[in-house]
Amino acid sequence: MISSDSCPPKVRCSGCRDGAALDFAIAMAFQPIVDLTTGLPFAYEALVRGANGESAANVLARVTPDNRYAFDQRCRVAAIEGAVAAGILDTGARLSMNFLPNAVYSPAACIQLTLRTSQATGMPIERLIFEFTENERMDDPAHVATIVDTYRRMGFGTALDDFGAGHAGLNLLARFQPDIVKLDMELVRGIEVSMPRRMIVEAVVRLCESLGLTVVAEGVETQAELDALRAIGIRYIQGYYFARPGFATLPAIRMDSGGERLVA
């Protein structure tokens, strides 16, 4: 396992020098993002868990401003190593990892451990996606824009998670454009019977198409939700309808009663 304690001395930033070490273990669960065109996983999102499968809330409650940098770095290592161990290299899927923008002091310095882990495991960097959430308070949006631009220039994918749930909304898309926009589950829930939700999602999809961004719908749980989203033109779906997160495994995509993929 690659050490996630610090960056190399030549690229070390204040997060490495001044941040507290992480004094608890973590692991990852993985959930597929399904391509409705092929019925195959477009990507797997890495979701943090405790070492014995404890919930994300249990883990995140232990993250403080002092250990935030070490936590963010440990999550990157655990996600890549865990996905490779689970067999992601045998698929065509990408790996999507959440990161904390406020834990990235210098994009070029703080990415070094990710690069070393990718090289050591054989995980191509072009198959890695970094997600940041609209819900997290951003102390410096211009700094976040620099992070996104740096990651994209290095060959990583970027995604804005929980779109529609936070306070910034469209202002974030005006400041910087990630490769992927992930619609928050509250926009998806019951969309088949909610005209306002449907109209909002349709407008976001058209906007993202104009900007050249890929849309992923999160939190899909029912056939009715899936049918409504497919009719709107959304190709990529994540949610319990297809698979619950698999602890340290890549869960299979749900099949129908005849053993066929539901969307193939």
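**Digging into the nonpolar core**
Next up, step 1: Ile26, Met28, Leu95, Val201, Leu229, Ile234 and Ile237 are the most contacted members of the largest nonpolar core, which totals 64 residues.
Next up, step 2: Among the elements that make up this core, the one with the highest residue count is helix α3 (residues 68-86) (eight residues).
Next up, step 3: Listed in part, the eight residues of the second largest apolar core include Phe42, Ile129, Ile180 and Val216.

**What about a nonpolar patch on the surface?**
Next up, step 1: A surface patch of nonpolar side chains, amounting to about 250 Å² of accessible area, comprises Leu170, Leu207 and Leu211.
Next up, step 2: Inspection of the secondary structure puts Leu211 in helix α9 (residues 195-211).

**Digging into the packing of aromatic side chains**
Next up, step 1: One pass over the structure, following the stated rule, counts 10 aromatic pairs.
Next up, step 2: One residue, Arg254, lies across the ring of Tyr241, its end atom 4.6 Å from the ring centre.

**Observations regarding the pattern of salt bridges**
Next up, step 1: Tallying each qualifying case throughout the model produces 11 salt bridges.
Next up, step 2: Between Arg189 and Glu225 there is a salt bridge, with its nearest N and O atoms 3.0 Å apart. Of the two residues, Arg189 is situated in the loop between α8 (185-188) and α9 and Glu225 in helix α10 (residues 223-232); the sequence distance between them amounts to 36 residues.
Next up, step 3: For Glu225, a relative accessible area of 3% corresponds to the buried category.
Next up, step 4: The structure contains a network of salt bridges with shared partners spanning Glu45, Glu131, Lys182 and Glu218.

**Describing the confidence of the model for the protein chain**
In low-pLDDT segments, the atomic positions of the prediction should not be examined closely.
Next up, step 1: Here the protein chain shows a mean pLDDT of 87. Residues at 70 or above account for 85%.
Next up, step 2: This model gives residues 14-19 a pLDDT under 50, and the stretch forms nine contacts once residues within four places in sequence are excluded.

**A word on the environment of Met123**
Next up, step 1: Here Met123 shows up in the loop between α5 (112-121) and β4 (128-133).
Next up, step 2: Sequence separation between Met123 and Glu81 is 42 residues; the distance between their C-alpha atoms is 8.9 Å.

**Description of the pairing of β4**
Next up, step 1: Where burial is concerned, most of β4 is hidden: six out of the six residues are buried.
Next up, step 2: Because side chains alternate across β4, one face comprises the buried residues Leu128, Phe130 and Phe132, and the other comprises Ile129, Glu131 and Thr133, equally buried.
Next up, step 3: By the bridge criterion, four bridges tie strand β3 (residues 94-98) to β4 in an arrangement that is parallel. What sits directly across from Asn98, in β4, is Glu131.
Next up, step 4: Note: β4 against strand β5 (residues 157-163), five bridges, orientation parallel.

**A look at the pairing of strand β2 (residues 40-50)**
Next up, step 1: Here β2 lies mainly inside the structure; 10 of its 11 residues are buried.
Next up, step 2: The sheet contact formed by β2 and β3 spans four bridges and is parallel. Its bridge partner lying in β3, Glu45 is registered against Ser96.

**Some thoughts on unusual backbone geometry**
Next up, step 1: Here Asp162, not a glycine, exhibits a phi torsion of approximately 55 degrees, which is positive.
Next up, step 2: Its location among the elements puts Asp162 in strand β5.
Next up, step 3: Under the relative-accessibility criterion, Asp162 is labelled buried at 17%.

Conventions and cut-offs
- Residues numbered from 1 in each chain as written.
- Predicted model: local features only at pLDDT ≥ 70, side-chain atom pairs only at ≥ 80, totals over all residues.
- Heavy atoms only, no water.
- Core = buried A, V, L, I, M, F, W, Y, C linked by side-chain atoms within 4.5 Å.
- Buried < 20%, exposed > 50% of the residue type's maximum accessible area, 1.4 Å probe, protein only.
- Helix = DSSP H or I, 4+ residues; strand = E, 2+ residues; numbered from the N terminus.
- Patch = residues over 30% accessible without salt bridge, like charges linked within 9 Å, V, L, I, M, F, W, Y side chains within 5 Å.
- Areas by Shrake-Rupley, 256 points an atom, 1.4 Å probe, with all protein chains shown as cover.
- Salt bridge = Lys/Arg side-chain N within 4 Å of Asp/Glu carboxyl O.
- Phe/Tyr/Trp six-rings, centres within 6.5 Å; stacked < 30°, edge-to-face > 60°.
- Lys NZ or Arg CZ within 6 Å of the ring centre and 35° of its normal.
- pLDDT = per-residue confidence, 0-100.
- Contact = heavy atoms within 4.5 Å.
- Pairing = 2+ DSSP bridges.

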